[in-house]
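An overview of the molecular structure
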Amino acid sequence: MSFVSVNKVADAQFPTRWGQFRILGFEGLVTPGNPTRKAVESGVALVMGDIHSKPPIVRIHSQCLTGDVFHSLRCDCHDQLHKALGMIAAEGAGILLYENQEGRGIGLMAKLRAYELQDQGLDTIEANEQLGFEADQRNFELPTEMLKALGVPAVRLITNNPEKVSALETTGIRVVERLSATIPTEPTFERYIETKREKMGHLVG
Ligand SMILES: Nc1nc2c(ncn2[C@@H]2O[C@H](COP(=O)(O)OP(=O)(O)OP(=O)(O)O)[C@@H](O)[C@H]2O)c(=O)[nH]1
Ligand SMILES: [Zn+2]
C-alpha cells in the first residue's frame, strides 16, 4: 500500500438530479519518497441508500474535465458518468467514486497535447506514448481504500475495463459481478472505443 493513511475529511448531504446522495471527501497521505506520486491524493464518493446489506453497485470514474464538464464527444466519459448515476438511482443504492487521475493519469495539459496528436492521426495510446507516457498511468489504490473506509468488501462494478476489476481484486475487494459501462457510440468517439477494445482489452458491448 502506498498510503500512510486514508481519512474521511467530510460527509455532507448532496441532492442531485438523480436523487439524494451523501458526498464524502477522502484524503490519502502518500508514503514519502515516491517521486511519481503527489504527497496527498484526494477523491470523492457519492453514496446513495443502503450499501451494506448486499454488494452495492459501484462506479469508479476517473476525472475527464473535457467530458464531465464540457460534454466532449471525443470520449464516452460524460455519458458513462450519467449512466452510472442513473443505475445507482434506479437501484436506490450505490457508490460513485470520483478520482482525479485526469487523462488516465497524464494530467489535463498533456491530455490536450494528446488530442493534438490524435487530430494528426494517432490513436489515444500512440499519442500517450509519443508524449513519453504509458498508455494508462492510473492506479486504483485510493478508490480501493475508499471502499474499505466505507466498509464495503464486495461490489458489483460498472466497467468494461478488466484492469479495474483486477486492481480491486488484488487489494482484497471482491467483484461479485461486472455491469456493462457501454453507452451508445457517437461517430466522434468510435475510434476511441475501438482502441480501448482492441488494444486495452475492454469488454465493450
Ligand atoms: N490520455 C488520454 N486520456 C483520456 C482521453 N480521453 C479520455 N481520457 C481519460 O480516460 C479516463 C477514462 O478512462 P477510460 O479508459 O475511458 O475508461 P475506463 O474508466 O478505464 O473504463 P470503463 O470503466 O470501462 O469506462 C479519464 O481519466 C479521462 O480523462 C484521451 O484522449 N487521452
Ligand atoms: Zn473523457
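Not measured: the values here are computed from a predicted model. (Residues numbered from 1 in each chain as written. Chains lettered and ligands numbered in written order. Predicted model: local features only at pLDDT ≥ 70, side-chain atom pairs only at ≥ 80, totals over all residues.)

Scanning the protein chain from terminus to terminus reveals seven helices and seven strands. Taken against the 2.2 N^0.38 rule, which gives 17 Å for 205 residues, the C-alpha radius of gyration of the protein chain at 17 Å falls within 12% of a compact globule. Judged by the C-alpha coordinates and their principal axes, the protein chain covers about 50 × 45 × 30 Å. Once local pairs closer than 6 in sequence are excluded, the contacts in the protein chain between residues at least 24 apart make up 59%. (Helix = DSSP H or I, 4+ residues; strand = E, 2+ residues; numbered from the N terminus. Rg over C-alpha atoms; globule rule 2.2 N^0.38 Å. Contact = placed C-beta atoms within 7 Å.)

With that out of the way, let us pick up the nonpolar core. Residues Ala45, Val47, Val58, Ile95, Leu96 and Leu97 are the most contacted members of the largest nonpolar core, which totals 27 residues. Ranked by the residues each element gives to this core, the list is headed by strand β3 (residues 40–48), at four residues. When residues no more than four places from it in sequence are discounted, the contact partners of Val58 are Gly94, Ile95, Leu97, Val155, Arg156, Leu157 and Ile158. (Core = buried A, V, L, I, M, F, W, Y, C linked by C-beta atoms within 7 Å. Buried ≥ 20, exposed ≤ 12 C-beta atoms within 10 Å, placed from the backbone.)

One key point about sheets: their strands pair by backbone hydrogen bonds, in either a parallel or an antiparallel sense. Taken in spatial order, the seven strands make up an open sheet running β1-β2-β3-β5-β4-β6-β7, and their pairing is mixed. The open sheet is flanked by β1 (3–16) and β7 (174–179), the only strands paired with a single partner. Adjacent strand axes in the sheet meet at a mean angle of 25 degrees, parallel and antiparallel pairs treated alike. As paired elements, β1 and strand β2 (residues 19–30) share 12 bridges and run antiparallel to each other. By the bridge assignment for β2, Pro15 is matched with Gln20. Its contacts with the sheet place helix α2 (residues 77–91) against β2, β3, β4 (57–62), β5 (94–99) and β6 (154–158), and it is angled at close to 160 degrees to β4. Sheet strands touched by helix α5 (residues 141–149): β1, β2, β3, β4, β5 and β6. Its angle to β1, the strand with the most contacts, is close to 70 degrees. (Pairing = 2+ DSSP bridges. Axes fitted to C-alpha atoms, helices over the stretch in contact; angles between N-to-C directions.)

With numbering matched to this structure, UniProt assigns "domain: GTP cyclohydrolase II" (unreviewed entry) to residues 8–179. The distance separating the terminal C-alpha atoms of residues 8–179 is 27 Å; by composition the span is 33% helix and 31% strand. (UniProt positions renumbered as here; feature names shortened; annotations may be inferred.)

Quick look at the domain arrangement of the protein chain now. Splitting the protein chain by domain gives domain 1 (3–101 + 143–200) and domain 2 (105–137). Computed over C-alpha atoms, the centres of domain 1 and domain 2 are 22 Å apart. Among the elements that make up the side of domain 1 that touches domain 2, the one with the highest residue count is helix α7 (residues 190–200) (five residues). Split by residue class, the side of domain 1 that touches domain 2 holds three nonpolar, two polar and three charged. (Domains from an automatic or database assignment. Nonpolar A, V, L, I, M, F, W, Y, C, P; charged D, E, K, R; others polar.)

The antiparallel pairing of β1 with β2 creates a hairpin that spans two residues between the two strands. Where β2 and β3 come together, eight bridges link them in antiparallel fashion. Paired with Gly25 across the strands is Val44, a residue of β3.

With that settled, the discussion passes to the site of ligand 1. The local shell around ligand 1 holds 22 residues, among which Ser62, Cys64, Thr159, Asn160 and Asn161 are the closest. Counting residues per element, the ones that place at least two in the shell around ligand 1 are α2, α3 (108–119) and α4 (124–130). Taken together, the residues of the shell around ligand 1 break down into six nonpolar, 11 polar and five charged. Residue contributions to the shell around ligand 1 reach at least three from each of two domains, namely domain 1 (3–101 + 143–200) and domain 2 (105–137). (Near = placed C-beta within 6 Å.)

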